[in-house]
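Chain residues, written in single-letter form:
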Amino acid sequence: MRILIVEDELHLAEALGQIMTEQKYLADVVHDGADGLDYALTEQYDAILLDVMLPKIDGFEVARRLRAAHISTPILMLTARDEINDKISGLDCGADDYMTKPFDPGELLARVRALTRRQGEFIGNTITVGDLTLRLDVRCLMCGDNMVRLGFKEFEVMRLLMANYRAVVPKEDIISRVWGLDSEAEDNNVEVYVSFLRKKLSFLHSGVSIGTVRKIGYFLEVPEL
Ligand code: CA
């Protein structure tokens with residue numbers, strides 16, 4: 001597990017790095033928003049700890065730009081302020097969770113674990129959720145000995161659902177990430193691809209299915225092992 005820490009208070013940054021390293025996470029520590037953005041855009045992380053008040057680019061803006069660049073790495077925002085408004089803009093900008101300083105290291109680690117669990121398990125070029133493995137290099141979905149190749153859009157929709165499993169992925173997010181922000185694609189397009197994927201899941205005899213939250217979006221239903 002690799003974590004990016006973006007925090008300009010040097011003592012706190014160092015302490016965070018230490019807490020993560022003790023838990024066997026690999027931690028990169030940077031001290032301003034510009035470096036944070038740069039690292040997050042060029043390296044792969046399992047989670048990002050992102051301070052709000054940062055030199056150069058603030059944490060909210062870093063989160064917004066990462067989401068605009070389709071980087072879906074879970075983000076835990078850290079801030080000294082505890083106004084409810086901050087909390088709202090934190091989640092608005094695409095952050096996944098929020099903690100006010102000072103915080104308890106135990107709670108921080110619990111939140112990081114929860115965030116990284118929320119993602120499918122990434123191993124090399126694959127994402128695994130339940131009995132399903134998606135191979136990112138050849139766009140194949142596998143379950144036991146069965147395998148199907150996915151079309152490009154099917155693959156992109158499946159990848160989004162698997163990378164965010166346990167969360168409901170809003171239809172608008174699917175449209176903007178798979179078809180592009182300016183696309184004319186509508187809800188119907190998403191429904192068509194979801195129905196293709198459901199057929200493939202049943203062909204694979206997977207225990208995983210795609211659930212619908214009416215008018216909102218889709219999520220993966222994964223039977224508890
Ligand atoms: Ca700060």
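Procedures and definitions
- Residues numbered from 1 in each chain as written.
- Predicted model: local features only at pLDDT ≥ 70, side-chain atom pairs only at ≥ 80, totals over all residues.
- Heavy atoms only, no water.
- Helix = DSSP H or I, 4+ residues; strand = E, 2+ residues; numbered from the N terminus.
- Rg over C-alpha atoms; globule rule 2.2 N^0.38 Å.
- Buried < 20%, exposed > 50% of the residue type's maximum accessible area, 1.4 Å probe, protein only.
- Contact = heavy atoms within 4.5 Å.
- Areas by Shrake-Rupley, 256 points an atom, 1.4 Å probe, with all protein chains shown as cover.
- Lys, Arg positive; Asp, Glu negative; His and termini not counted.
- Charge placed at Lys NZ, Arg CZ, Asp CG, Glu CD.
- Polar contact = N/O pair within 3.5 Å; in protein donor to acceptor, adjacent residues only side chain to side chain.
- Domains from an automatic or database assignment.
- Pairing = 2+ DSSP bridges.
- Axes fitted to C-alpha atoms, helices over the stretch in contact; angles between N-to-C directions.

**Here we look at the overall build of the protein**
Per the secondary structure count, the protein includes eight helices and 13 strands. Relative to its length of 225 residues, the protein is compact, with a C-alpha radius of gyration of 18 Å against a globular reference of 17 Å. Taken along the three principal axes of its C-alpha coordinates, the protein extends 55 × 40 × 30 Å. Here the protein, with 225 residues, has 44% of them falling under the buried criterion. Restricting the contact set of the protein to residue pairs at least 6 apart, pairs at least 24 apart contribute 54%. Accessible surface, the protein as shown: approximately 11900 Å² in total, 50% of it carbon and sulfur. Computed over 26 positive and 37 negative side-chain charges, the inter-centroid distance for the protein is 6 Å.

**A few points about the environment of Y45**
Within the fold, Y45 resides in the loop between α2 (33-42) and β3 (47-51). By relative accessible area, which is 7% here, Y45 ends up buried. When the C-alpha atoms of Y45 and S72 are compared, they prove to be 9.9 Å apart, with 27 residues separating the residues in sequence. In this structure, Y45 is in contact with R2, I3, L4, D28, Y39, A40 and T73, ignoring residues within four places of it in sequence. Within the local environment of Y45, its side chain forms a polar contact with the side chain of D28, the two groups lying 2.5 Å apart.

**With respect to the domain arrangement of the protein**
When cut into domains, the protein gives domain 1 (2-123) and domain 2 (126-221). Here the C-alpha centre of domain 2 lies 27 Å away from the C-alpha centre of domain 1.

**A few points about the sheet that holds strand β5 (residues 97-100)**
The strand order across the open sheet formed by five strands is β2-β1-β3-β4-β5, and the pairing between neighbours is parallel. Whereas interior strands pair on both sides, the edge strands pair on one side only; in this sheet they are β2 (26-30) and β5. Geometrically, the sheet is characterised by an average inter-axis angle of 20° between neighbouring strands, direction not taken into account. Two elements, strand β4 (residues 75-79) and β5, share four bridges in a ladder whose sense is parallel. The residue of β5 that forms the bridge with T79 is T100.

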